[in-house]
Amino acid sequence: MSARLLVLSPPRWPGLVLLLLLLRAAPGPRPGAAFYLPGLAPVNFCEEDKKSDECKAEIELFVNRLDSVESVLPYEYTAFDFCQASEGKRPSENLGQVLFGERIEPSPYKFTFNKEETCKLVCTKTYHTEKAEDKQKLEFLKKSMLLNYQHHWIVDNMPVTWCYDVEDGQRFCNPGFPIGCYITDKGHAKDACVINSEFHERDTFYIFNHVDIKIYYHVVETGSMGARLVAAKLEPKSFKHTHIDKPDCSGPPMDISNKASGEIKIAYTYSVSFQEDAQEEFGWKLVHGDIFRPPRKGMLLSVFLGSGTQILIMTFVTLFFACLGFLSPANRGALMTCAVVLWVLLGTPAGYVAARFYKSFGGEKWKTNVLLTSFLCPGIVFADFFIMNLILWGEGSSAAIPFGTLVAILALWFCISVPLTFIGAYFGFKKNAIEHPVRTNQIPRQIPEQSFYTKPLPGIIMGGILPFGCIFIQLFFILNSIWSHQMYYMFGFLFLVFIILVITCSEATILLCYFHLCAEDYHWQWRSFLTSGFTAVYFLIYAIHYFFSKLQITGTASTILYFGYTMIMVLIFFLFTGTIGFFACFWFVTKIYSVVKVD
């Protein structure tokens, strides 16, 4: 199915855009055997001599209601005295279209695929100002031009767009075009009258009675199925045809003085042309040669991914067992015991993931990578935990872990977890580097200047809001169970929240990743990790709020202990969510660039 360019404002439902993009990227059967949702099946077009039941030659143009930004009253096309279709079936409208006042009707504009027409006459309208009926029609037409009413035409279920240049060298595309425009009695050009210097007569209306239509198409890959339309554009023009019966689309514009009298004739014409759409690369496609360029600090990112994978699997298995009832709250300490044992035994996937991505980043210091995966993040957690334990010892608290238990934990770490990490890294480095669907250019592409919302920091800050919104209610109960000594038993609901968190982190990161790629910024690796990982910063902010609003903790030692243990949770949550975001974005990028055809 061909992709079609929408020219309205940014999509209101980015999730739908994302779904369609992924469906486009997904491998599937040949076009003729593809499955399409009702109303979305594409139409194939052929030349007149090649048409068949599966390939049409006639292209129908439909007209919708006319509306204006200066009025809330839309009108049907038939309410105006334009050229009407002699025959044609009116398309069925759903309830939503009727409620919003849309009225789609057939038009007299008929085209044959790949057959060009130049200045073809559609009809001629004649008005005698002395006749009341004609005068009323003409006044209604003038009023519509004064209020800048817009046509809305449809070809193959696509809006026919009018594109024109605006200031700063930009080009704006509008899914409609005006009936005409007006020059005031003081000589000021209103609305579309500014586009043509020939529109200069005072107190005069200029009607756009001619359109140059250009239809873009691309040939279906199989070749035997014809072509599919991908866009339709037009340029409205105004001509006072010298020979109305045989118009040549030349001469001065079609003006209607506000004080005109007598007979007024308006000839409506059109020209149509067809162009082979070259499928020019734009947006995210332009960076295909840089999308898999190794990131800066690839060593650190791969280590974070390894540790994050270890935490992700540990969390999933622990909550799954708790959900099934194996880790009952009545069995005190079972949850923590299960988590620690799983973390120790999951050194292999941590080493494997870190090694695989470090190798794909072009890294060669494999010994450093293995050592950092084994000791960096676990070492930070243990150092924080040891300092907190020293404070507990100093305060004489029963929560202080005995020295023998600390030695046992270190033994589990050094004697089991570290060797397993080395084993995983061995298999990770032994395998070939991850094969990417596109090649990386030798010279990096220059990234254009970014707008505020596509810069790294705003995107990262926004990315963590939605995932945090999924967990902050459960976070209150979890913190209560830790610091207010209340029992937590809603593990089934917590497991559901965990799944929702994974999905939300993935969707938010993929969406922001897509926006940045469309802005031609291909530095997605760290950004995807930090976008999702920034949820941990909101976790920290909430923990600070909880400390001051819900707890009555006093004393320096207790305050240090609270924030010391909170920092451990924040680091674990950062690695956990950041890894989810990276893997989701990595899958998304690999998927969409696997369908890009590169010479």
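Residues numbered from 1 in each chain as written. Predicted model: local features only at pLDDT ≥ 70, side-chain atom pairs only at ≥ 80, totals over all residues. Heavy atoms only, no water.

> What exactly am I supposed to notice about the nonpolar core here?
Inside soluble globular proteins, nonpolar side chains tend to come together where they are buried. Judged by nonpolar contacts, the single largest core of 71 residues is most densely connected at Ile291, Leu517, Trp524, Phe582, Val589 and Tyr593. Of all elements in the fold, only α4 (298-324), α5 (334-345), α6 (347-360), α10 (465-483), α11 (491-518), α13 (535-550) and α14 (556-593) reach the threshold of two or more residues within this core. Per element, the largest residue contribution to this core is 16 residues, and it comes from α14. In this view, Tyr593 contacts Trp284, Lys285, Val287, His288, Ile291, Pro437, Val438 and Leu517; residues no more than four positions away in its chain are not counted. (Core = buried A, V, L, I, M, F, W, Y, C linked by side-chain atoms within 4.5 Å. Buried < 20%, exposed > 50% of the residue type's maximum accessible area, 1.4 Å probe, protein only. Helix = DSSP H or I, 4+ residues; strand = E, 2+ residues; numbered from the N terminus. Contact = heavy atoms within 4.5 Å.)

> I keep staring at α11 and nothing clicks. Help me out?
In an α-helix, one full turn covers 3.6 residues, which means residues spaced three or four apart are oriented alike. For α11, built from 28 residues, the straight-helix expectation of 40 Å at 1.5 Å per residue is met to within 8% by its first-to-last C-alpha distance of 40 Å. Within two residues after α11, Glu520 carries a phi angle of roughly 65°, on the positive side. (Expected span 1.5 Å × (residues − 1).)

> Can you help me understand the packing of α10 against α13 in this one?
Angle between the axes and distance between the axes: these two values describe a pair of packed helices. Running from N to C, α10 and α13 point in directions that differ by 40°, and their axes come no closer than 10 Å. Classified by the angle their axes make, α10 and α13 are oblique. When you trace α10 past α13, the crossing you get is right-handed. Within the contact between the two elements, α10 uses Ile465, Pro467, Phe468, Phe472, Leu475, Phe476, Leu479, Asn480 and Trp483 and α13 uses Thr535, Tyr538, Phe539, Tyr542, Tyr546 and Lys550. Looking at the contact of α10 with α13 residue by residue, the class counts come to twelve nonpolar, two polar and one charged. (Axes fitted to C-alpha atoms, helices over the stretch in contact; angles between N-to-C directions. Parallel < 35°, antiparallel > 145°, perpendicular 65-115°, else oblique. Left-handed = near helix turned anticlockwise from the far one by under 90°. Nonpolar A, V, L, I, M, F, W, Y, C, P; charged D, E, K, R; others polar.)

> Is there a simple way to think about the UniProt feature "transmembrane region" (unreviewed entry) in the chain in this case?
Per the UniProt record, the feature "transmembrane region" (unreviewed entry) sits at residues 299-327, 334-358, 370-393, 405-429, 460-479, 491-517, 529-548 and 560-589. The span residues 460-479 carries 95% helix and 0% strand; its end-to-end C-alpha distance comes to 26 Å. Annotated as residues 491-517, this span is 100% helix and 0% strand, and its ends, taken at the C-alpha atoms, are 38 Å apart. (UniProt positions renumbered as here; feature names shortened; annotations may be inferred.)

> Could you clarify how one ought to interpret the packing of aromatic side chains in this entry?
Two aromatic rings are characterised by how far apart their centres lie and by the angle between their planes. For the structure on display, the rule yields 67 aromatic pairs. Judged by centre distance (6.4 Å) and plane angle (25°), the ring pair of Phe45 and Phe113 falls under stacked. Here Phe45 is found in the loop between α1 (14-25) and β1 (58-63), whereas its partner Phe113 is found in the loop between β4 (105-112) and β5 (117-128), with 68 residues between them in sequence. By relative accessible area, which is 3% here, Phe45 ends up buried. Assessed through its relative accessible area of 4%, Phe113 is described here as buried. Look at Phe304 and Phe574: their rings are 6.1 Å apart centre to centre, the planes differ by 85°, and that puts the pair in the edge-to-face class. Linking Phe304 in helix α4 with Phe574 in helix α14, this pair joins segments that are 270 residues apart in sequence. Phe574 shares its class with Phe304; the two are buried. Taken together, Phe316, Phe320, Phe321, Phe326, Phe495, Phe498, Phe539, Phe573 and Phe576 form an aromatic cluster joined through their ring pairs. (Phe/Tyr/Trp six-rings, centres within 6.5 Å; stacked < 30°, edge-to-face > 60°.)

> Looking at this model, I keep getting lost on the pattern of salt bridges. Mind explaining?
Opposite charge on two side chains makes pairing possible when the charged atoms of those side chains draw close. Applying the stated criterion to the full structure yields twelve salt bridges. Among the salt bridges present, the one from Lys137 reaches Glu133, with a minimum N-O distance of 3.7 Å. You can see Lys137 and its partner Glu133 sitting in helix α3 (residues 132-146), four residues apart, about one turn around the helix. A residue is classified by how much of its surface remains accessible, and Lys137, at 33% relative accessible area, is partly exposed. Asp521 is the salt-bridge partner of Arg527, the closest N and O atoms lying 2.9 Å from each other. Taken individually, Arg527 and Asp521 each receive the classification buried, so the pair is uniform in this respect. (Salt bridge = Lys/Arg side-chain N within 4 Å of Asp/Glu carboxyl O.)

> Mind showing me how you'd approach the side chain of Lys125 here?
Locating Lys125 in the fold gives a position in strand β5. Residue class for Lys125 comes out buried when judged on its relative accessible area of 18%. Side-chain polar atoms of Lys125 contact the side chain of Asp81, separated by 3.4 Å. Residues contacting Lys125, with those up to four places away along its chain left out, are Asp81, Phe82, Cys83, Ile264, Lys265, Ile266 and Tyr268. (Polar contact = N/O pair within 3.5 Å; in protein donor to acceptor, adjacent residues only side chain to side chain.)

> Which parts of the structure should I look at to understand the sheet that holds strand β8 (residues 158-159)?
Sheet strands pair via backbone hydrogen bonds, and the direction of the pair is either parallel or antiparallel. Strand order in the open sheet formed by four strands is β4-β1-β7-β8, and the pairing between neighbours is antiparallel. Either end of the sheet is taken by a strand with one partner, and the two such strands are β4 and β8. Relative to β8, strand β7 (residues 153-155) runs antiparallel, the two being bridged by two bridges. Counterpart to Ile154 in the pairing with β8 is Pro159. (Pairing = 2+ DSSP bridges.)

> Looking at this structure, I do not really get the sheet that holds strand β16 (residues 255-257). What am I missing?
Ordered by their spatial adjacency, three strands build an open sheet running β12-β13-β16, and the pairing between neighbours is antiparallel. Only two strands of the sheet have a single partner each, and these edge strands are β12 (180-183) and β16. Each strand axis lies, on average, 25° off the axis of its neighbour in the sheet, ignoring direction. Pairing geometry for β12 and strand β13 (residues 204-207), over four bridges, is antiparallel. Each residue of the ladder has a partner; that of Tyr182, found in β13, is Phe205. Across the sheet, α3 lies against β12, β13 and β16, angled at about 90° from β13, the strand it touches most.

> Hey, could you run me through unusual backbone geometry in this one?
Excluding glycine, residues mostly carry a negative phi; peptide bonds, for their part, are mostly trans. One non-glycine residue, Asp191, adopts positive backbone phi at about 50°. Within the element layout of this structure, Asp191 appears in the loop between β12 and β13. Judged by relative accessible area, which is 30%, Asp191 ranks as partly exposed. A positive phi angle, close to 65°, is found at Glu520, a residue other than glycine. Among the structural elements, Glu520 can be located in the loop between α11 and α12 (525-533).

> Can you help me understand the state of the cysteines in this one?
Linking two cysteines covalently through their sulfur atoms gives a disulfide. Using the criterion set out here, one finds five disulfides in the structure. With a sulfur-sulfur separation of 1.7 Å, Cys46 is cross-linked through a disulfide to Cys55. Sign of the S-S torsion, about 95° for the bond between Cys46 and Cys55, identifies this disulfide as right-handed. Take Cys46 and Cys55: they sit in the same class, and that class is buried. Sulfur-sulfur distance for the disulfide between Cys163 and Cys173 comes to 2.1 Å. Given an S-S torsion of about 105°, the disulfide between Cys163 and Cys173 has right-handed geometry. One end of the pair, Cys163, is in strand β9 (residues 161-165); the other, Cys173, is in strand β10 (residues 171-174), and ten residues separate them in sequence. For the pair Cys163 and Cys173, one class covers both residues: buried. Sequence-ordered numbering of the bonded cysteines in the chain gives a pairing of 1-2, 3-5, 4-10, 6-7, 8-9. (Disulfide = S-S within 2.5 Å.)

> Just checking my understanding: could you explain the environment of Lys297 for this structure?
Here Lys297 shows up in the loop between β17 (263-276) and α4. Taking the relative accessible area as the measure of exposure, Lys297 reaches 65% and is therefore exposed. Sequence-wise, Lys297 and Trp526 are 229 residues apart; in three dimensions their C-alpha atoms are separated by 9.0 Å.

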